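Coordinates in review
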Amino acid sequence: YNSKNEKILLEVYEVPHYQDGKIIGLHGIARDVTEQKKAEALLKKSYDRLNRAEIASKSGNWELNLNTKKISASKGAALIYGVSRDEFDYEIIKKVPLPEYRNLLDNALKNLIENNIPYDVEFKIKKVDTGEIRDIHSVAFYDKNSQIVFGVIQDITEKKKLIEELIEAKEK
């Protein structure tokens, strides 16, 4: 407890103090980590909430580091692509969109990086785990200073099917 009689969390480091080969005491340091633990709990809660929101909205987020060609992705993005988060490798992910969309995606990324033209594309993918064809909408932004492209993706397959059904129903 602290001076205000509030419960606190301490992180304690101790090392034995020897004399003539025998432990005669301990040297230790303790530091208050209460605020750090509270912040960690809030961060985890926020992270869990984001994961649930992404799964419910069939969306995800990703980052591409242009210097390393490494991609970091959320759980939602991994689920959409049908890969584990460990498999979010640039060369693997480039093969997920159907081949007829490769030029569109490459040009959109190039235009974003070189000309600051907004990256806002719709394309189809073949999920790695099921082989299922899905419609995707992706929007991305580029940070020139960090050389990172940040994007969001959403599975819009059901939305596209509903639109097609509405158009067909109107034509009848």
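The following paragraphs examine the structure supplied in this document. (Residues numbered from 1 in each chain as written. Predicted model: local features only at pLDDT ≥ 70, side-chain atom pairs only at ≥ 80, totals over all residues. Heavy atoms only, no water.)

**Some thoughts on the nonpolar core**
Counting residues in each nonpolar core, the largest one holds 29 residues, and the members touching the most others are Trp 62, Leu 64, Tyr 81, Phe 88, Tyr 119, Phe 123 and Val 149. Broken down by secondary-structure element, the contributors of at least two residues to this core are strand S3 (59-65), strand S4 (70-73), helix H2 (75-81), helix H3 (90-94), helix H4 (102-115), strand S5 (119-126), strand S6 (133-143) and strand S7 (148-155). Apart from the residues lying within four places of it in its own chain, the contact partners of Leu 64 are Lys 69, Lys 70, Ile 71, Tyr 90, Leu 109, Gln 147, Ile 148 and Val 149. (Core = buried A, V, L, I, M, F, W, Y, C linked by side-chain atoms within 4.5 Å. Buried < 20%, exposed > 50% of the residue type's maximum accessible area, 1.4 Å probe, protein only. Helix = DSSP H or I, 4+ residues; strand = E, 2+ residues; numbered from the N terminus. Contact = heavy atoms within 4.5 Å.)

**Some points on the side chain of Ser 138**
The topology assignment puts Ser 138 in strand S6. In contact with Ser 138, not counting residues within four places along its chain, are Trp 62, Tyr 119, Asp 120, Val 121, Phe 123, Val 152 and Ile 153.

**As for the pattern of salt bridges**
Opposite charge on two side chains permits them to pair, given that their charged atoms come into close proximity. Under the defined criterion, the tally for this structure stands at eleven salt bridges. Residues Glu 158 and Lys 58 are paired through a salt bridge, measuring 3.3 Å at the closest nitrogen-oxygen approach. On the criterion of sequence distance, the pair formed by Glu 158 in helix H5 (residues 157-171) and Lys 58 in the loop between helix H1 (34-57) and S3 is long-range, its members being 100 residues apart. Relative accessible area serves as the criterion here: at 35%, Glu 158 is assigned to the partly exposed category. What makes Lys 58 partly exposed here is its relative accessible area of 37%. Salt bridges here are not isolated pairs; linked through shared partners, they connect Lys 58, Glu 132, Arg 134, Asp 155 and Glu 158. (Salt bridge = Lys/Arg side-chain N within 4 Å of Asp/Glu carboxyl O.)

**A word on the pairing of S4**
By the alternation rule, side chains of S4 split into Ile 71 and Ala 73, which are all buried, and Lys 70 and Ser 72, of which none is buried. Sheet topology places S3 next to S4; four bridges connect them, and they run antiparallel. Its bridge partner lying in S4, Trp 62 is registered against Ala 73. Between S3 and the antiparallel strand that follows it, S4, lie four residues; Lys 69 among them carries a positive phi value of about 60°. (Pairing = 2+ DSSP bridges.)

**Some thoughts on unusual backbone geometry**
If you check the backbone angles, Asp 20 has positive phi at about 55° while not being a glycine. Inspection of the secondary structure puts Asp 20 in the loop between strand S1 (10-19) and strand S2 (22-32). For Asn 116, which is not a glycine, the phi torsion comes out positive at approximately 55°. Tracing the backbone shows Asn 116 in the loop between H4 and S5. For Asn 116, a relative accessible area of 61% translates into the label exposed.

**Quick look at the packing of aromatic side chains**
What characterises a pair of aromatic rings is the spacing of the ring centres plus the angle enclosed by the ring planes. Across all of its chains, the model carries one aromatic pair by this definition. Here Trp 62 and Tyr 119 contribute two aromatic rings whose centre-to-centre distance is 6.5 Å and whose plane-to-plane angle is 70°, an arrangement assigned as edge-to-face. With a gap of 57 residues between them, Trp 62 in strand S3 and Tyr 119 in strand S5 connect regions that are remote in the sequence. When its relative accessible area of 12% is taken as the criterion, Trp 62 is described as buried. Residue classification places Tyr 119 among the buried residues on the basis of a relative accessible area of 8%. (Phe/Tyr/Trp six-rings, centres within 6.5 Å; stacked < 30°, edge-to-face > 60°.)

**Some thoughts on the sheet that holds S6**
With respect to topology, five strands assemble into an open sheet ordered S4-S3-S7-S6-S5, the strand pairing being antiparallel. Each edge of the open sheet carries a strand with a single partner, namely S4 and S5. Going across the sheet, the axis of each strand differs from the next one's by a mean of 25°, ignoring polarity. Here seven bridges tie S3 to S7, and the two strands are oriented antiparallel to one another. The residue of S7 that forms the bridge with Leu 64 is Val 149. In this fold H1 packs onto S3 and S7, with an angle of close to 110° to the strand it touches most, S3. (Axes fitted to C-alpha atoms, helices over the stretch in contact; angles between N-to-C directions.)

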